[in-house]
Every structure is written in structure tokens, then in C-alpha cells.
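# Architecture and fold: a report
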Amino acid sequence: MSVERHIAGMLQQIARQQDIIEIAPQGTTRKAAALAHVAQQYGYTYATAYRTGYKNSLVQVRMLRDPHPDARVREAATITRHPQAGNGGTLPGLHHGTLKPLPEAADAVAVLKDLITFDVMALYIATRTQKTLTYLACAALTLLMLIDTSPLEALASGTAVALLATAAFTIGATHRKNITQRLTRAGFTAVHDEHGNQRFHPPRQQPPHPTSPHTT
């Protein structure tokens, strides 16, 4: 889907003043963050992001209509400054005809990219139970390989798989930790939602509801 169609679809949702809009660009989280930034200028606030579609290949971002008065001021100013948005005109914070942020919007888009990445990565963060099951599977693999291979080969294979799993767990946790530090420096507060998932929101903002990807 072209950039124009993604933008048009999002602006149609905004024009209807929907309480919830969904952004699902094909491609990177950077593109999703750029569109989310545009939605913010029209009075929306970030809620959550998750993977959907075939083999979870699509990143979907949920934005909520911001109830704060300054959001309506921001929306009115954006409509005034960009009257032809969606009809070939300019969009707030983006180079014309692209999803590349302007220099003055780069930091804001980077923050949104971190928020989106953090939420999307939750799908791949293993719980203690999942880690235990993974290592038990490695042990079972080692035992099965003893049927056809030597004990040394079986142990080496099982250990290699366990090391790969450990590396994946560590990389994911480290990446999320780094994102948490960046968001904290940007003024966000770490909170936990009703499902126990870690989320972030600016100091003045209450945690958005609904946050569940399955809420409509």
C-alpha cells in the first residue's frame, strides 16, 4: 500500500472523529511512528502497538482521541496550517509526500518509535515459565539425540540450542531495558496496566484506556 493510501486511510478515521483509530503501515516501526506523530497533531494520543496479520508480520498502532483541552487546540491549529492534508497537501511534521520526519519532529517521532517497539517486543519477551519450558525442551532434545548419536554430540547439540535461546532472551531484555531508559529520560513514567504489562505515559497523562489490542 502506498504512503498516500496509508495517510488517506488514517485521515478518514480522524475526520470522523473516531475515539479510536488504527494505524497499520506495511514496513518498519519508523513508518508507524511517523503516522502516529501526525495523528497526535490532530488531537490523538498513543495507546498501544502490537503485531497482527499473517505470521504477525504487520505492526498495528492504536491511537486514542486525547480528552485534554490542549489536544483540541493542537487539532484546530493543525487543520488551519494544513488545509489540504490528504489531498496532496502537506502534513504536520513530515516531508511532503513521504513519511520522513522534518528535523523539528525527529525527536518526537523517535520517542513514538521507542513506545511502539517496546510494546511490539512484548510478544517476544519470555516469561519465567516460558524460559523453563525452553530449557526443558533443550534437555529433551539432548536425550532424544542420545538414541542416534554419541553422548558428546548429543550434549553439544543440546547445549548449543540452550545457548542460542539464552542469547535471544538476553538480547530482547537488554533492548527493552535500553528503550525504558530512553523513555524515562524523555519524561515518561513506567506504569503497569490492568494486565500487568509495563506501559509508559507522560507525567500529565493518565494511562490510556482501552489498551487491549482486542478492544474495539
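Right above here is the structure, for reference.
Keep in mind the model is a prediction, meaning the values are calculated, not measured.

### A look at helix α3 (residues 69-81)
In this model, α3 (13 residues) spans 19 Å end to end at C-alpha, consistent with the 18 Å of a helix rising 1.5 Å per residue. Within α3, burial applies to A71, E75 and T78. Along α3, the residues classed as buried sweep out an arc of 65 degrees about the axis, all on the same side. Opposite the buried face of α3, at more than 90 degrees from it, the exposed residues are P69, V73, T80 and R81.

### Observations concerning the sheet that holds strand β1 (residues 20-23)
Pairing is antiparallel in the open sheet, where three strands are placed in the order β1-β3-β2. Where the open sheet ends on each side, the last strands, each with one partner, are β1 and β2 (44-52). Strand-to-strand twist in this sheet, taken as the mean axis angle between neighbours without regard to direction, amounts to 25 degrees. As judged from the eight bridges shared by β2 and strand β3 (residues 58-65), these two strands associate in the antiparallel manner.

### A closer look at the packing of aromatic side chains
Centre-to-centre distance and the angle between the planes together describe a pair of aromatic rings. This model, assessed by the stated rule, comprises one aromatic pair. Residues F118 and F200 carry aromatic rings whose centres are separated by 5.0 Å and whose planes lie at 85 degrees to one another, so their mutual orientation is edge-to-face. Of this pair, F118 sits in helix α4 (residues 106-121) while F200 is found in strand β5 (residues 198-201), placing the two residues 82 residues apart along the sequence. One residue, R176, lies across the ring of F118, its end atom 3.7 Å from the ring centre.

### A word on the nonpolar core
Ranked by size, the top nonpolar core spans 35 residues in total, and within it M10, V61, M63 and I116 carry the most contacts. If we ignore the near neighbours within four places in the chain, the residues touching I116 are T29, A32, A33, Y46, A49, V59 and V61.

Rules and cut-offs
Residue positions are given per chain, counting from 1 as you read along its sequence in written order. A pLDDT threshold of at least 70 governs which residues receive local features in this predicted model, and a stricter bar of 80 or more applies before side-chain atom pairs are shown or counted, although totals over entire chains, interfaces and linings include all residues. With hydrogens and water set aside, each side-chain value is computed from the structure's full complement of heavy atoms. Each helix is a run of DSSP H or I of at least 4 residues and each strand a run of E of at least 2, with the numbering of both proceeding from the N terminus. Residue count minus one, scaled by 1.5 Å, sets the expected span of a helix. Partly exposed residues are those whose accessible area sits between 20% and 50% of the maximum for their type, while under 20% is buried and over 50% is exposed, using a 1.4 Å probe and protein chains only. Each direction from the helix axis to a C-beta atom contributes to the arc, which is the arc of those directions. Pairing between strands is defined by DSSP: at least two bridges between them are needed. Every angle, taken between N-to-C directions, lies between 0 and 180 degrees, and every axis is a line fitted to C-alpha atoms, over only the stretch in contact when it is a helix. A pair of Phe, Tyr and Trp rings is counted when the ring centres sit within 6.5 Å of each other, with Trp represented by its six-membered ring. The angle between the planes then sorts it: under 30 degrees is stacked, over 60 is edge-to-face, the rest tilted. In this scheme, Lys NZ or Arg CZ marks a charge over a ring once it lies within 6 Å of the ring centre and within 35 degrees of the ring normal. Here the nonpolar core consists of buried residues drawn from Ala, Val, Leu, Ile, Met, Phe, Trp, Tyr and Cys, with membership extended through side-chain atoms lying within 4.5 Å. Contact criterion: two residues are considered in contact whenever any of their non-hydrogen atoms come within 4.5 Å of each other.

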